[in-house]
Amino acid sequence: MGSTKPLTGAGLRGQVAGKTALSTVGVSGSGLTYRGYDIKDLVEHCEFEEVAYLILKGKLPTRDELLAYKSKLKSLRRLPGELKSALENIPANAHPMDVMRTGCSMLGNLETELDFSDQEDAADRLLAIFPSIICYWYRYNHDGVRIDENTDDGSIGAHFLHMLHDETPKALHETVMNVSLILYAEHEFNASTFTARVCASTLSDMHSCITGAIGSLRGPLHGGANEAAMDMIAKFNGPDHAEREMLGMLERKEKIMGFGHAIYSESDPRNEIIKGWSEKLADDVGDSALYPVSVRCEEVMWREKRLFCNADFFHASAYHFMGIPTKLFTPIFVMSRVTGWAAHVMEQRADNRIIRPSAEYVGEAPRRVQPISERS
Ligand SMILES: CC(C)(COP(=O)(O)OP(=O)(O)OC[C@H]1O[C@@H](n2cnc3c(N)ncnc32)[C@H](O)[C@@H]1OP(=O)(O)O)[C@@H](O)C(=O)NCCC(=O)NCCS
C-alpha cells in the first residue's frame, strides 16, 4: 500500500492535471485519504453522511451538524411527479446506469441550477435523490409497484435497501452499505471525476457535470467492474473451477474485471475492508461457494500476475449476499461518488481555468481539397 506506478505512459498516466484538497491516492505511504483522514479511520468512526459532509463541506460535522444534515437529506428524497413519469417511461431492459444518467439530467430540467450560489444544495439534493431514482424505476419496471420514496430510514444505505426490498434492512446490511458508500465516495482524478471537472471548467451547471460523470463511470474499466466481476464469479462452481477458468483467461490475455489499478501498484486499501465485510456476510447467509471462489480468484491473480483486487472485486460478493441485483451494483457507486464529483465541481469552480489540453497531431500532412468530381 502506498506504492504507486511510475509517472509515465499513455492515458495521461502520471500527469498532474490540477490541484485538489479532497483526497490523496497512494501518496506518501498512505493508501487513501479524504481531506487528510485515512479511509480506515473514517470507516471505523464515521457514518457515510458524516463523510459526505466532510467531503462536501470541508470539515467533520459536530453531532448537531450531522443530525441537521441527515434530516436535510431525508427531506430531499422525494421525486417530482415529472421525474416519476420519465422513470416510468424508461424500459425495464434499460441499463440502470442509463436510468441514473437520465434521472440526473431530467432533474436538471426541473430544478435547474441557476447560479452557483445554491451549488451545495444542488449537491445535497442529488445525494439524497439518487437512491429514490434507481429504486423507483427498478421496482416499477420489475415488480409493477410505485414505491413510496419517503421512507423513515435514517441513513442513505438503509433507505436504499428498504425501497429495494420493501422492508427495513437488518443492522448488518445497513452497516455494510454504510462502509461501502464511504469506500466509494471519493478517489481524486479518476476518469469520471475528471469528466465532471472538465465540464465544470466550462462553467456548466451541476447536473450536466454529474450526468457526464455517470456516463464515464458506466464503463467496465471503471465503475462497471463490480458488475462484470459478479457475472464472472457466478459462473464458477467452486474454487478449482475458478482457478482453471482464470488461468485460461490469463492465457488468452483477457482482462479480468475487479483486478488491477491505474494508480495503486501493490494493493487497493479499500479491498481489505470490503473483503472483511464480504466474509462476514458470507457467514451470515451460510455461503460456502461464492466467497471461497472469490478468495481463490484473488490468490490466482496475485500468484500468476502480481495483480491485486481493487475496490470492486469483493464488493460483488458483498452486494450479492445482501440480495442486491447485479445490475444495480454500479448505481450504488453513483449514490456514493456523487459526493466526490460534486465537491470536485465546486473546487474547480472556486479556482477555474477552462481545461483544454493539446493533442500531438499524427494525421496527414497539409493538403488541398480535390473537387468532388475528381475524387475516386
Ligand atoms: C484498472 C485498469 C483499467 C488499469 O489499467 P492500466 O493502468 O492501463 O493497467 P496496467 O498498466 O497496470 O497494466 C499492466 C499490465 O497488466 C495487465 N492487466 C492490468 N489489469 C488487468 C486485469 N484486470 N486483468 C488482466 N490483465 C490485466 C494489462 O493488460 C497490462 O498487460 P500488458 O503489459 O501485457 O499490456 C486495469 O487494471 C483494468 O482494466 N482492470 C480491470 C477493470 C477494473 O477492475 N476496473 C476498476 C478499476 S478500480
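Here the structure is a predicted model, which is why all the values come from computation and not from measurement. (Residues numbered from 1 in each chain as written. Predicted model: local features only at pLDDT ≥ 70, side-chain atom pairs only at ≥ 80, totals over all residues. Heavy atoms only, no water.)

1. Description of helix α11 (residues 225-234)
- Most of α11 sits inside the fold, with seven of its ten residues counted as buried.
- Restricting attention to buried positions, one finds in α11 the residues Ala225, Asn226, Glu227, Ala229, Met230, Met232 and Ile233.
- On its buried side, α11 packs onto α12 (239-251), α14 (290-305), α15 (311-321) and α16 (329-350). (Buried < 20%, exposed > 50% of the residue type's maximum accessible area, 1.4 Å probe, protein only. Helix = DSSP H or I, 4+ residues; strand = E, 2+ residues; numbered from the N terminus. Contact = heavy atoms within 4.5 Å.)

2. Some details on the sheet that holds strand β1 (residues 23-25)
- With antiparallel pairing, three strands are arranged side by side in an open sheet as β1-β2-β3. This sheet does not close on itself; its edge strands, each paired only once, are β1 and β3 (37-38).
- Bridging between β1 and strand β2 (residues 32-34) involves three bridges; their strand directions are antiparallel. Note that in β2 the partner of threonine 24 across the bridge is threonine 33. (Pairing = 2+ DSSP bridges.)

3. With respect to the pattern of salt bridges
- All chains considered together, the criterion is met by 26 salt bridges.
- The salt bridge involving lysine 170 is made with aspartate 284; its shortest N-O contact spans 2.9 Å. Placement of lysine 170 in the loop between α7 (156-165) and α8 (171-183) and of aspartate 284 in helix α13 (residues 269-285) is noted, with a sequence separation of 114 residues between them.
- Taking the relative accessible area as the measure of exposure, lysine 170 reaches 42% and is therefore partly exposed.
- One salt-bridge network, in which partners are shared between bridges, spans Asp240, Glu243, Arg296, Glu299, Arg303 and Glu304. (Salt bridge = Lys/Arg side-chain N within 4 Å of Asp/Glu carboxyl O.)

4. Side note on the UniProt feature "active site" (unreviewed entry) in the chain
- Per the UniProt record, "active site" (unreviewed entry) is annotated on His261 and Asp312. Taken along the chain, the residues just named run across 52 residues; in space they keep tight, none of their C-alpha pairs more than 10.6 Å apart.
- With respect to the element layout, histidine 261 can be found in the loop between α12 and α13.
- Here the side chain of histidine 261 touches isoleucine 263 through a polar contact of 2.9 Å, landing on its backbone nitrogen.
- Inspection of the secondary structure assignment puts aspartate 312 in helix α15.
- Non-local contacts of aspartate 312, meaning those with residues more than four positions away in its chain, are made with Tyr184, His222, Ala225, Asn226, Gly258 and Phe333. (UniProt positions renumbered as here; feature names shortened; annotations may be inferred. Polar contact = N/O pair within 3.5 Å; in protein donor to acceptor, adjacent residues only side chain to side chain.)

5. Let's talk about the packing of aromatic side chains
- Scanning the entire structure with this criterion turns up nine aromatic pairs.
- Where phenylalanine 313 meets phenylalanine 314, the ring centres are 5.4 Å apart and the plane angle is 90 degrees; that geometry is what we call edge-to-face.
- We classify phenylalanine 313 as buried; its relative accessible area is 0%.
- Overall, phenylalanine 314 belongs to the buried group, its relative accessible area being 0%.
- By the ring-pair criterion, three or more aromatic residues cluster together here, those being Phe259, Tyr291, Phe313 and Phe314.
- Positioned above the aromatic ring of tryptophan 277, the side-chain terminus of lysine 280 is 4.5 Å from the ring centre.
- The ring of phenylalanine 116 is capped by arginine 349, whose NZ or CZ atom sits 3.5 Å from the centre of that ring. (Phe/Tyr/Trp six-rings, centres within 6.5 Å; stacked < 30°, edge-to-face > 60°. Lys NZ or Arg CZ within 6 Å of the ring centre and 35° of its normal.)

6. Describing the domain arrangement of the chain
- Examined at the domain level, the chain breaks down into domain 1 (23-221 + 326-350) and domain 2 (225-321).
- Put simply, the middle of domain 1 and the middle of domain 2, counted by C-alpha atoms, are 25 Å apart.
- At the interface, 29 residues of domain 1 touch 24 residues of domain 2.
- Its largest share of buried area at the contact with domain 2, domain 1 owes to Leu183, Tyr184 and Phe329, together 26% of the area lost on that side.
- Inspection of the region where domain 1 meets domain 2 yields two salt bridges.
- Those elements that provide at least two residues to the side of domain 1 that touches domain 2 are α1 (39-45), α8 and α16.
- Element by element, the count of residues in the side of domain 1 that touches domain 2 is highest for α8, at seven residues. (Domains from an automatic or database assignment. Buried area = accessible area lost by both parts, 1.4 Å probe.)

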